[in-house]
Amino acid sequence: MPIAIILSSEAFGWTELSARLVSAASVILTGVLLAMIGSRWFGSRVGWTAGAAYVLSPVVRPIGRAAEIEALHGLFVTAAAVLAIELVLRKPGKALDRAVIGGVAFGIALLGAL
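Residues numbered from 1 in each chain as written. Predicted model: local features only at pLDDT ≥ 70, side-chain atom pairs only at ≥ 80, totals over all residues. Heavy atoms only, no water.

*Asks:* Please explain the environment of V100 as it appears in this structure.
*Replies:* Examined against the element boundaries, V100 turns out to sit in helix α6 (residues 95–111). Taking the C-alpha atoms as reference points, V100 and L87, 13 residues apart in sequence, are found 9.8 Å from one another. (Helix = DSSP H or I, 4+ residues; strand = E, 2+ residues; numbered from the N terminus.)

This is how it looks when you write it as structure tokens:
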């Protein structure tokens, strides 16, 4: 998160808004990710309703306004979990494909800790 805030501050200036922008964008991207995967698994209506419910949730909104690690961490953990579920639900195929997807999921989860 500190690296993301520094990059945001370098791009948009050293203001409170640029520090909070990382968390706000992370919450929005998590909602979009949930909407996309929900649409894929359960249909467009259910997917976009789930994404909107996440973004508009009274529990998530304060996380998106704070310049703290929770939002970015949530984005990377959600992405890793989605990749892991896709790996499990995938039809049997090449072991290399599964290893690559598993490695990407693990790497994404580690990025959430930065």
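Here the narrative resumes.
*Asks:* How should I be thinking about a nonpolar patch on the surface in this particular structure?
*Replies:* On the surface, W41, F42, V46, I85, V88 and L89 cluster together into a nonpolar patch covering about 620 Å² of accessible area. Considering every element that reaches the nonpolar patch, the biggest residue donor is helix α5 (residues 70–89), with three residues. Exposure remark for I85: the relative accessible area of 37% places this residue in the partly exposed category. (Patch = residues over 30% accessible without salt bridge, like charges linked within 9 Å, V, L, I, M, F, W, Y side chains within 5 Å. Areas by Shrake-Rupley, 256 points an atom, 1.4 Å probe, with all protein chains shown as cover. Salt bridge = Lys/Arg side-chain N within 4 Å of Asp/Glu carboxyl O. Buried < 20%, exposed > 50% of the residue type's maximum accessible area, 1.4 Å probe, protein only.)

*Asks:* Can you help me understand the pattern of salt bridges in this one?
*Replies:* Think of it this way: side chains of opposite charge can pair up when their charged atoms draw near. Scanning all chains against the criterion turns up one salt bridge. Across the salt bridge formed by R20 and E16, the nearest N and O atoms sit 2.6 Å from each other. Taken together, the residues R20 and E16, both in helix α2 (residues 16–42) and four residues apart, mark about one turn of the helix.

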